[in-house]
Amino acid sequence: MGYLPQDYGLFPHLDVAGNVRFAGQRNRPDLLKRFGISHLARARPRQLSGGERQRVALARALARDPRVLLLDEPFGALDALTRQQVRDELSDLLANVQLPTLLVTHAFEDATALGHRVGVIDQGRLAQIATAAELLSAPATATVAALTGANLLDGDATPGRAGTTVALSGGGTLSSTARATGQVQIAIHPWELELAERESSTLTDTVVSVRQDRGSLMIRLARVSVQTAPNHHGRLSLEPGATVGLRAAPGNVRVFGAAGRNSSAASEPEPRRRAGPA
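Residue positions are given per chain, counting from 1 as you read along its sequence in written order. Given that this is a predicted model, residues contribute local features only at a pLDDT of at least 70 and side-chain atom pairs are listed and counted only at 80 or more, while totals for whole chains, interfaces and linings are drawn from all residues. Side-chain numbers here rest on the full set of heavy atoms in the structure, without hydrogens or water.

## Structural notes on the pairing of strand β8 (residues 173-176)
(1) Moving on: Here β8 shows a buried face lined by Leu174 and Ser176 and an unburied face lined by Thr173 and Ser175.
(2) Moving on: Both strand β7 (residues 164-168) and β8 contribute to a ladder of four bridges, which runs antiparallel. If you follow Val166 over to β8, its bridge partner there is Leu174. Under the scheme applied here, a residue whose accessible area is under 20% of the maximum for its type counts as buried, over 50% as exposed, and between as partly exposed, the area being computed with a 1.4 Å probe on protein chains only. Secondary structure elements follow DSSP: runs of H or I of four or more residues count as helices, runs of E of two or more count as strands, with numbering from the N terminus. At least two bridges found by DSSP between two strands are what make those strands a pair.

## Considerations on helix α4 (residues 80-97)
(1) Moving on: An ideal rise of 1.5 Å per residue puts 26 Å on 18 residues; α4 measures up with 26 Å between its terminal C-alpha atoms.
(2) Moving on: Of all the positions in α4, only Val86, Arg87, Leu90, Leu93, Leu94 and Val97 are classed as buried. For α4, the arc enclosing every buried residue in end-on projection is 130°, short of the 170-degree limit, so these residues lie on one face. In α4, the exposed residues that point more than 90 degrees away from the buried face are Leu81, Gln85, Asp92 and Asn96.
(3) Moving on: Residue contacts follow a heavy-atom distance rule, with two residues in contact if any of their heavy atoms lie within 4.5 Å. On its buried side, α4 packs onto α2 (29-34), α3 (50-62), β2 (69-72), β3 (101-104) and α5 (108-114).
(4) Moving on: Of the residues flanking the end of α4, it is Gln98, one or two places downstream, whose phi is positive at about 60°. The length a helix should cover is 1.5 Å for every residue beyond the first. In this context, the arc is that of the directions from the helix axis out to the C-beta atoms.

## Considerations on the sheet that holds strand β14 (residues 243-247)
(1) Moving on: On the basis of which strands lie adjacent, the open sheet formed by five strands has the order β10-β14-β11-β12-β13 and antiparallel pairing. Strand pairing shows two members of the sheet lacking a second neighbour, β10 (194-196) and β13 (225-228), which therefore form its edges. Shown here is a sheet whose adjacent strand axes are inclined to one another by a mean of 50°, direction ignored.
(2) Moving on: As paired elements, strand β11 (residues 203-213) and β14 share four bridges and run antiparallel to each other. An axis is simply a line fitted to the C-alpha atoms; with a helix, the fit covers only the stretch in contact. Between two such axes, the angle follows the N-to-C directions and lies from 0 to 180 degrees.

## Side note on the side chain of Arg28
(1) Moving on: If you trace the backbone, Arg28 turns up in the loop between α1 (16-24) and α2.
(2) Moving on: Whenever a nitrogen or oxygen atom comes within 3.5 Å of another N or O atom, the pair is scored as a polar contact, on the condition that within protein one atom can donate a hydrogen and the other can accept it, and that pairs from neighbouring residues in sequence are kept only if both atoms are in side chains. From its side chain, Arg28 meets the backbone oxygen of Ala63 in a polar contact 3.3 Å long.
(3) Moving on: Setting aside chain neighbours within four positions, we find Arg28 in contact with Val20, Leu62, Ala63 and Asp65.

## Some points on the nonpolar core
In a soluble, globular protein the nonpolar side chains are often hidden away together inside.
(1) Moving on: Residues Val16, Phe35, Ile37 and Leu58 are the most contacted members of the largest nonpolar core, which totals 31 residues.
(2) Moving on: Those elements that place two or more of their residues in this core are α1, α2, α3, β2 and α4.
(3) Moving on: Here this core gets six residues from one element, more than from any other, and that element is α3.
(4) Moving on: Those residues in contact with Val16 that sit more than four places away from it in its chain are Leu32, Ile37, Leu40, Ala41, Ala43, Leu48 and Val56.
(5) Moving on: Grouped together as the second largest cluster of nonpolar side chains are 27 residues, Leu168, Ala178, Leu238 and Val255 included. To qualify as a nonpolar core, a set must consist of buried Ala, Val, Leu, Ile, Met, Phe, Trp, Tyr and Cys residues joined through side-chain atoms within 4.5 Å.

Next up, the structure:
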């Protein structure tokens, strides 16, 4: 197993070539060339940038000719400006390496950028394993939904013909296509909420702050957050303290029961068991 720790764990008294040589007990000029660090062979770790240190650490992990890679929070030691660049570099490197890789991270954005499948562990248990798109569209638990950035609200569900109406704690209602009854949590992502006139809305909230974020408008309200295009709020006042209405398509309102399980998610079949030695 090749291991890349959070702080990269490079030996400060060895140069780049020495760090890579340590793992495989032989010189690996092929790995230095592969990761574009041949010109840094005599440099010490303190002379390297964050991305360069990561490439050296990954080359060292591969110097053992491992069958699997383990990456432990590989971006935890990086500042926000460097994080995206180094993450993109690592994505390209892993695509070339073609090895099974297990990445441990607390950041959903990092998991979606690097992982073909994402497993969410909650209190020591695997809550769900799926593609990032599946985790976003059909989270199995409220914890999974929160990890993907969804707003969570408590409420009381009343089933109806077309699904469920949830009376939210703190006032207001939202409808869902899922069927549920009693105490529930609902999850809805910021980009699935639509601003509206408060007089025509079943849910209202108070503006706390507004900021630009990569071409979107991020609106933090007292109870939820909304992400929208800069020109999609019409004549609504977004000054702090203003009250706005909120709407959501029922299909985007995910309902979780008291145990935190998705009320609309289909139950998973029992795994087939094959006869034979254990």
